Amino acid sequence: MHAQRSSRPRSGHIQAEIYAVADRYPGPGGGVAVLHEGKVIAQHCWGYASLEHRLPFTSSSLFRICSITKQFTCATMLDRYTDPETLAPYIQKRLPHLRSDPPTVTQLAHNQSGLRDYWAVAMLHGAAIEGTFSPADSERVIAGTHSLQFIPGTSYSYVNQNFRLISEAMEDESGLSFAELLQQHVFDKVGMKRAILAAETSALPDGTTGYEGTQEGGYWPARNHIYWTGDAGMAASLDDMISWEKFIDQQRDNPDGLYNRMSRPVQFDNGHKAPYGFGLQHGKIAGHEITAHGGALRGWRSHRLHCAALRLSVIVLFNHMSPAQQAAASLFRAFLGEEEKPANRPQPQSTNQPHALEGLWLDEETGLSARITAAGGDKLQLRYLMLPETLDIITPQLAEAGSVRIRHIQGEHMQANAHGPSGPHIIMGRPGENRHVLLRPYPTTPQPDPVELVGIYECDELDQSRFVITNQGGLLHGGFSGFLGTGRMERLTSLGPDLWTFPCPRALDHTPPGDWTLLFERRNKRIHQVRISCWLARNLVYHRLAD
């Protein structure tokens with residue numbers, strides 16, 4: 001049961017902000033709404049749903065909400081099944097080659113499954129960036145899973161097929177299509193009159209179009225040809241999303257209400273707080289607890305958030321690539337009458353010397369590189385996940401951001417043993433992932449002989465998918481191939497001896513894997529395999545084929 005605390009909106013702030021969004025985040029069109037105590041207090045639509053067909057963007061325009069679908073998949077599951085583990089046998093059938101026990105259904109819904117994300121893995125199978133990805137392709141990628149990247153329930157990693165597996169398991173158990181299940185358990189009950197499952201992503205039935213580009217360079221229709229279901233397949237209008245927020249408020253005092261069940265606190269197996277559950281991210285804005293989720297595909301960005309204590313909801317829909325999450329946060333703060341304030345942090349002493357954390361580091365557990373560089377003033381930039389993270393320097397040995405804390409330690413402060421680290425190291429805490437990581441320093445000297453990396457490497461884990469490295473005019477390039485095709489060649493970047501990166505700035509999904517870390521391993525001083533990792537898919541070993 002949620003508190004009944006009421007907060008009067010500062011109408012000047014919220015009205016000014018809701019109209020400023022269209023100017024601050026330019027693009028073909030969009031729509032936003034703010035609800036308080038179950039009523040719309042501000043709403044605005046602008047621009048065009050289709051520039052080519054001159055279709056205005058209205059509150060009834062269908063919109064591809066992408067990963068916001070995940071909460072509706074979980075809502076359907078919780079409404080239909082008293083015990084979600086009823087679906088476990090159907091999940092297991094879709095992972096026939098998994099060598100360990102499969103994750104539970106709840107671990108799937110909480111992104112604690114340990115699976116590698118299938119959109120990232122698809123790129124290793126040679127998927128074309130804007131190619132077709134069919135249900136049969138999805139089934140084969142998922143069925144090809146042999147191992148997990150961590151023990152289920154012990155950590156967090158964002159994995160799209162967790163929710164595809166749930167939706168397909170519900171289809172198998174019920175004999176109904178996922179579209180029928182959504183209609184029966186969510187759309188009809190909530191009053192989402194235009195919402196549909198629009199699994200094929202190339203077009204929407206009403207002509208609403210997503211766009212890539214910028215105001216300076218122009219906008220063009222984004223090309224998407226992937227098939228989504230419970231992970232990101234829904235389309236809904238702004239009116240539909242408003243109905244969802246009203247439904248949430250109507251059930252606020254019922255502890256067993258659907259959204260209250262979905263938004264309960266979540267833990268890892270060790271009892272530590274987890275950031276995600278049943279398709280919802282748990283976080284804070286301006287000190288207030290919220291549940292939220294975003295959606296993204298090329299041409300589409302959306303975000304919704306709900307603060308139960310304030311009975312406040314915000315919805316942002318852009319048919320372009322502007323950051324909807326930022327817009328939603330600004331509307332939330334405008335409701336409070338606040339502007340975002342920089343955190344009060346102690347200022348480190350000015351020095352021209354590099355910070356102790358700067359440099360190249362290796363996470364040996366995951367095979368991921370960590371690159372830390374100065375970012376001006378009292379900031380550092382960490383390249384470890386898909387996108388760079390900006391950290392505040394706290395002390396000469398410590399830097400942190402909301403989701404990560406890194407500390408430099410000297411070897412003499414650590415307990416030495418035959419297998420333990422020596423010399424300076426970094427301890428990186430990522431509480432949202434329930435992980436504390438040891439990073440060891442890695443040399444940045446040049447590769448002695450880059451040509452010795454040239455060759456063909458094969459991954460048994462991934463249906464013998466291959467990674468080829470070539471030497472073109474003294475520059476190394478690499479490319480993946482497999483049952484999905486022959487991927488494009490990209491130039492490799494050397495970080496240090498036997499440590500390189502392969503760039504992946506665009507992929508099937510909107511958010512690409514980013515840089516893949518290539519950690520080459522030797523036997524008798526000769527390269528015999530490469531360990532390939534990104535945050536979404538770690539520790540995939542490719543052994544070198546004989547020349």
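Heads up: the structure comes first, above all this text.
Residues numbered from 1 in each chain as written. Predicted model: local features only at pLDDT ≥ 70, side-chain atom pairs only at ≥ 80, totals over all residues. Heavy atoms only, no water.

What to know about the sheet that holds strand β4 (residues 63-64)
Neighbouring strands of a sheet are bound in pairs by backbone hydrogen bonds; such pairs are parallel or else antiparallel. Read across the open sheet, the three strands follow the order β4-β8-β5; overall the sheet is antiparallel. Every other strand in the sheet has two partners, leaving β4 and β5 (196-197) as the edge strands with one partner each. Looking at chain direction, β4 and strand β8 (residues 234-236) are connected through two bridges and run antiparallel. Its bridge partner being in β8, R64 is matched across the sheet by A235. (Pairing = 2+ DSSP bridges. Helix = DSSP H or I, 4+ residues; strand = E, 2+ residues; numbered from the N terminus.)

Here's the deal with the pattern of salt bridges
Taken as a whole and assessed by the stated rule, the structure comprises 33 salt bridges. For E289, the salt bridge goes to K284, with nearest N and O atoms at 3.9 Å. Among the residues examined, E289 registers a relative accessible area of 44% and is labelled partly exposed. (Salt bridge = Lys/Arg side-chain N within 4 Å of Asp/Glu carboxyl O. Buried < 20%, exposed > 50% of the residue type's maximum accessible area, 1.4 Å probe, protein only.)

Some words on unusual backbone geometry
With a phi angle near 50°, A286 is a residue other than glycine that sits in the positive phi range. One non-glycine residue, N434, adopts positive backbone phi at about 60°. Relative to the helices and strands, N434 is located in the loop between β22 (425-430) and β23 (435-441). A relative accessible area of 18% places N434 in the buried class.

With respect to the side chain of E168
With respect to the element layout, E168 can be found in helix α7 (residues 161-174). Assessed through its relative accessible area of 12%, E168 is described here as buried.

Some details on the side chain of N319
With respect to the helices and strands, N319 occurs in the loop between β15 (312-318) and α11 (324-336). Within the local environment of N319, its side chain forms a polar contact with the backbone oxygen of Y48, the two atoms lying 3.0 Å apart. Once you skip the residues sitting within four places of it in the chain, N319 turns out to touch P28, G29, G30, Y48, A49, F57, F63, T209, G210, Y211, G299 and W300. (Polar contact = N/O pair within 3.5 Å; in protein donor to acceptor, adjacent residues only side chain to side chain. Contact = heavy atoms within 4.5 Å.)

Considerations on the packing of helix α6 (residues 135-143) against α7
Two numbers describe how α6 lies on α7: the axes approach to 12 Å, and their chain directions differ by 110°. Overall, the two elements α6 and α7 adopt an arrangement that is roughly perpendicular. Of α7, the residues touching α6 (which contributes P135, S138 and I142) are Q161, R164 and L165. (Axes fitted to C-alpha atoms, helices over the stretch in contact; angles between N-to-C directions. Parallel < 35°, antiparallel > 145°, perpendicular 65-115°, else oblique.)

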